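Each chain is listed here by its residues.
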Amino acid sequence: MTGTAASRSTLRQRAIELFALIVCTCLALAVTRAEPVADERWNVILAIGFLLLAGTMLANLVESLLLPHLTAYIVVGVVGGPHVLKLFDQDTVEVLLPVNTLAISLIALAGGLELEAKILVNLLRSLFWSNVVQTLVVGLATAIAFMALVPYLPFASQLSQRARFAVAAIWGLLASSRSPSATLAVLAQTQARGPLARWSLTFVMSSDVVVVIAFAFLLVAVRPWLIEGDTLSIARLSVLGREIVGSVSLGICLGLALIAYVRLIGRHLQLVLLALGFVVTDGLHYVQFDPLLAFLTTGFVVRNLSDQGQSLLQAVSRMSGIVFVVFFATAGAHLDLPLVTKLWPIAIVFFGVRLIATWVASQVAGRAGRDAPIIRRFGWTSLVSQAGLTLALSHTIEREFPLIAVGFRSLVVVTVAINEVLGPIVFKYALERSCETSKHEAIRDKLPSVV
Amino acid sequence: MSPGWLLLGLLAVAFLGSNVARGRGVRGFGLPSGSEWILSGIAIGPQLLGLVHLRELSFLAPVLAAGLGWVAMTIGMRFGVCLRPGFEEEVRAPSGAFLLGAVLGLLTAVGLAGFVYAALGQYVVLAPRLRLGTAMWIGCSLSGSARQLVDWAKERHGARGAVTDRIEATIGGSEVVALAGTAPLSVLLFSPTMDVESVLLRAATPLILGLLLGLVALWLLRFEMRIAETWGILLGVQLLSAGLSLRAGSSVIAAGFLLGWLLGRDPLAGPELRLLTRPAEGMVLLPLLVVAGTSLQLSEVGYLGWLVIGVVCVRVVIKLGLARITCGHIVGTPSAATAFGLSLASSGEIACLVALEYTLSTPGQLGQFVLACALATSLLGELFGAVGLRRTLASSHELNISGTGNRHCTNHGSAETTGWQ
């Protein structure tokens, strides 16, 4: 096919996708407007169907604009959700949240499967410096910005000076958290392979472990500053220790079990992943272990103690292709647009400060860790995104410190929204500039079934 | 049982299902109509062990509704296509036998509905609309025969030939009444208003949704060859059609079936999609059969239990009568009429799924009554359906004499060459 004919064909395909998207949206609008909600339960199916179909179509459309699929998924969620077209309401969005459980387990598992011990050892110096410098510089910069902006933050301006410092410290650490899901989604779409992709994934995964542990310590430390009469409790630290050791131990056991399954049976991995995502995660929550850490360990064990890692990773990637659409679209639908319009000027300032701090930290850490030039140049781009982990941590803040709950969470939601939308765009651009992306994808006539 | 354990159990069934069931039914292993799955559902349900209760199943109602739509879509994709043993070769179903099957299905539905309508009047006081709707739903759900029986005969006995194809087409044709008939009936039963315009619009909803979304999917799949995106589109259109049908108070099965039918008609995408979705069918179908068994609560059926027995008997009589009339056209040997009638009197997955849809929408005595009728015909049909079909095919000399059949199937349904091949 000549270049002109190919581009005409692509143009025709995009036109059909746009038309199909409009038809589906109009159809959904017509039925939902004409029919009142009789039974809330059925709305879940409608919501997932719309998000999946519209997300897939819009993702193809934005691909032409060199944007990541993730952006399309979020946009579909925002547009179809409770604030714009209102195809489904806030209650339905809440019901959809269990999809996150599955997505997070897949993300952690895939993350672990990508971590090769040999590469980890090679990157140890870089990871160490990046973690230290990024956490300190980004944390400090955003905490200082928070203190400077306190007069514009109603929930913080009423606090005592000590409490303000405590909230600023929490805010700083939250700003150091990244989004493994966004990183993995962009890597899955672009099929990027190379030093930048490898470093980004390894760093984001390791940084999440660091942030989760540091966050638990910080909460214990700042508690007396935020709650009158509360004291520093060592017992809380022992709970944290038990959680970490337990999660890792269980992750190792799961990993060994998965190795045995893949080696002995090796079929219907999607069903096994569903069971892991929904049922095992429920069990982990019940015994108060951290699913993220447990599944990360599981993936790491499978990758490094067997040769089954690649087949499991393939199964995870195929499944996550669909799960990510719903996961990010639900995140988009969950966005409180009125709140975003109210808080966006402050959130933009925080975004800017975090972005600059991330870049500066990346340069410093790159020198200290003797990173490759490509990582020094583009490594920071994978650190812009924020999503599920940051929101999950802010939930903990909300639960632990009701005094600042509503205001703090609103600010987190709006800031994360900006990072979530712009982060993947920057990262995808960097991957393309570094020539690590690939066009190869499984097609129907090569692979008959995903099951 | 907690929802987590319930989900794990269904996933385990899906796992087993994907291993033992390929194509339209349980092949190679187990009973011809897959009644063991219904029985295991009854065993763990409130009837016997009480491990699962109806309130726990209601938690999974959206998943079940989506599953019903998915199975209906895969059936629609294969509608009008006969699959040869090993399921690699597809042939068009003989149109005469196919149409005859549809007429037989319609006649069975009308006969059964008439009986149930008259009998319900004797037992319970119901609004005329509900009484008529329920009677027609039962007629509709039990109108077809167990198509997986033919798969079983091909798989277990290596059945192959014109009569096998004609019987498969006849049974396939009879399914259309159950699959498409639920669209107008759901409106009759579940619609809050009854003005003509609204009823017509609601009855047409599955048709509009199925066809429109089917066209959208076809446009997209013509260009989209990537696996992940193909699944995204397929699952998306199916869930959207199911969600919109439920929102409009219409049948999720009818919408799914029409959607699948349209996708299956495409000469390019149809065969590919059948191949793509085949392994996933057993995964969804068998958990649904287990749930159908689990949902049964005979205590709620109460005195309508006698009517269940009546429905089963009347259905067998109707099928035997229709077989006597049509045996010459389909089998060619009029002496096999009784055996052919018994094979037509079997009932399978579609009856259970259509009844389950009613039970999900209408819990209580009527829902349980409809479900009990479907499960009873399926379980009883297991006793005589397979025997009847085997005798019918033996009389036409279309069974593999060695009897080894094609039991050794690969994961994607391709058969190792055995026996007659």
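Structural data are supplied above this passage.
Residues numbered from 1 in each chain as written. Chains lettered and ligands numbered in written order. Predicted model: local features only at pLDDT ≥ 70, side-chain atom pairs only at ≥ 80, totals over all residues. Heavy atoms only, no water.

Glancing now at the overall build of chain B. Within chain B one finds 17 helices and four strands. Residues classed as buried in chain B amount to 64% of the 421 residues present. Considering only residue pairs separated by 6 or more positions, chain B has 80% of its internal contacts joining residues 24 or more positions apart. A total accessible area of about 14,100 Å² is found for chain B, and carbon and sulfur atoms account for 69% of it. (Helix = DSSP H or I, 4+ residues; strand = E, 2+ residues; numbered from the N terminus. Buried < 20%, exposed > 50% of the residue type's maximum accessible area, 1.4 Å probe, protein only. Contact = heavy atoms within 4.5 Å. Areas by Shrake-Rupley, 256 points an atom, 1.4 Å probe, with all protein chains shown as cover.)

All names here are of chain A. Even without being a glycine, K86 presents a positive backbone phi close to 60°. Within the secondary structure, K86 sits in the loop between α3 (69-80) and α4 (90-96). Of note, C435 is a non-glycine position whose phi angle comes to about 60°, a positive value. With respect to the helices and strands, C435 occurs in the segment after α19 (405-433).

Bringing α19(A) into the picture now. Residues and elements named next belong to chain A. Here α19 is 29 residues long and its end C-alpha atoms lie 41 Å apart, about the 42 Å a rise of 1.5 Å per residue gives. In α19, a bend of some 25° at L422 exceeds every other bend along the element, and P424, a proline, comes one to four places later. Within two residues after α19, C435 carries a phi angle of roughly 60°, on the positive side. (Expected span 1.5 Å × (residues − 1). Bend = angle between axes of the 7 residues up to and from the residue.)

A few words now on the pattern of salt bridges. Oppositely charged side chains are able to pair whenever their charged atoms sit close together. Evaluation of the coordinates by the stated rule reveals six salt bridges over all chains. Among the salt bridges present, the one from E432(A) reaches K428(A), with a minimum N-O distance of 2.8 Å. With E432(A) and K428(A) both in helix α19, this residue pair falls four residues apart, about one helical turn. Here E432(A) falls in the partly exposed class, since its relative accessible area comes to 28%. Between E168(B) and K154(B) there is a salt bridge, with its nearest N and O atoms 2.6 Å apart. Remark: K154(B) occurs in helix α7 (residues 148-157) and E168(B) occurs in helix α8 (residues 162-190); sequence separation between them is 14 residues. (Salt bridge = Lys/Arg side-chain N within 4 Å of Asp/Glu carboxyl O.)

Our next topic: a nonpolar patch on the surface. Taken together, the side chains of L201(B), L207(B), I208(B), L211(B), L212(B) and W261(B) present a nonpolar region at the surface, about 500 Å² in accessible area. One can find I208(B) in helix α9 (residues 196-223). (Patch = residues over 30% accessible without salt bridge, like charges linked within 9 Å, V, L, I, M, F, W, Y side chains within 5 Å.)

Glancing now at the state of the cysteines. Under the criterion given, the structure shown has zero disulfides over all chains. With no disulfide partner, C26(A) has as its closest neighbouring cysteine sulfur the one in C24(A), 9.4 Å distant. You can call C26(A) partly exposed: its relative accessible area is 45%. The thiol of C352(B) is not disulfide-bonded; the next cysteine sulfur, from C373(B), is found 12 Å away. Assessed through its relative accessible area of 0%, C352(B) is described here as buried. (Disulfide = S-S within 2.5 Å.)

To continue, consider the environment of P68(A). Residues and elements named next belong to chain A. Among the structural elements, P68 can be located in the loop between α2 (40-63) and α3. On the accessibility criterion, P68 (0% relative accessible area) is buried. Counting along the chain gives 200 residues from P68 to H268, while the straight-line C-alpha distance between them is 29 Å. Discounting residues that sit within four places of it in the chain, P68 has contacts with V62, V186, Q189, P424, I425 and K428.

Residue and element names in this part refer to chain A. Counting 253 residues, the largest nonpolar core has F146, I170 and F408 as its most contacted members. At 15 residues, the largest contribution of residues to this core is made by α2. Split by domain, this core shows at least three residues from each of two domains, domain 1 (2-96) and domain 2 (98-444). Not counting chain neighbours up to four residues away, the residues in contact with I170 comprise F215, L218, L219, V222, L226, I397, F401 and F408. L343, A347, W380 and V414 belong to the second largest nonpolar core, which has nine residues in total. (Core = buried A, V, L, I, M, F, W, Y, C linked by side-chain atoms within 4.5 Å. Domains from an automatic or database assignment.)

Residue and element names in this part refer to chain B. The interhelical angle for the contact between helix α15 (residues 337-344) and helix α17 (residues 365-395), taken along N-to-C directions, is 140°, at an axis separation of 7 Å. If you check the angle between α15 and α17, you find them oblique. Crossing of α15 against α17: the hand is left-handed. Along the contact surface, α15 presents A339, F340, L342 and S343, while α17 presents F384, G385, G388, L389, R391 and T392. Along the lines of polarity and charge, the residues of the contact of α15 with α17 split into five nonpolar, four polar and one charged. (Axes fitted to C-alpha atoms, helices over the stretch in contact; angles between N-to-C directions. Parallel < 35°, antiparallel > 145°, perpendicular 65-115°, else oblique. Left-handed = near helix turned anticlockwise from the far one by under 90°. Nonpolar A, V, L, I, M, F, W, Y, C, P; charged D, E, K, R; others polar.)

Here we come to the environment of A294(A). Residues and elements named next belong to chain A. Within the secondary structure layout, A294 lies in helix α14 (residues 291-305). A residue is classified by how much of its surface remains accessible, and A294, at 0% relative accessible area, is buried. Residues A294 and T358 lie 64 residues apart in sequence; the distance between their C-alpha atoms is 28 Å. Contacts of A294, omitting those with residues within four sequence positions, involve S247, G251 and L284.

What follows is about the interface of chain B and chain A. Interfaces are often described in size by the accessible area the parts lose on coming together. Each partner contributes residues to the interface: chain B has 51 residues there, and chain A has 51 residues. Linking chain B with chain A are zero salt bridges, by the criterion used here. Sorting elements by how many residues they give to the side of chain B that touches chain A places helix α10 (residues 227-247) of chain B first, with 17 residues. Residues belonging to the side of chain B that touches chain A are distributed by class as follows: 35 nonpolar, ten polar and six charged.

Quick look at the packing of aromatic side chains now. All names here are of chain A. All chains considered together, the criterion is met by 15 aromatic pairs over all chains. Arranged with centres 5.8 Å apart and planes meeting at 85°, the rings of W171 and F408 form a pair that is edge-to-face. Here W171, found in helix α9 (residues 161-175), pairs with F408, found in helix α19; they are 237 residues apart in sequence, far enough to count as distant. By the burial criterion, W171 is buried, and F408 matches it. Members of the aromatic cluster, each reached through a chain of ring pairs, are F146, F155, W171, F350 and F408. (Phe/Tyr/Trp six-rings, centres within 6.5 Å; stacked < 30°, edge-to-face > 60°.)

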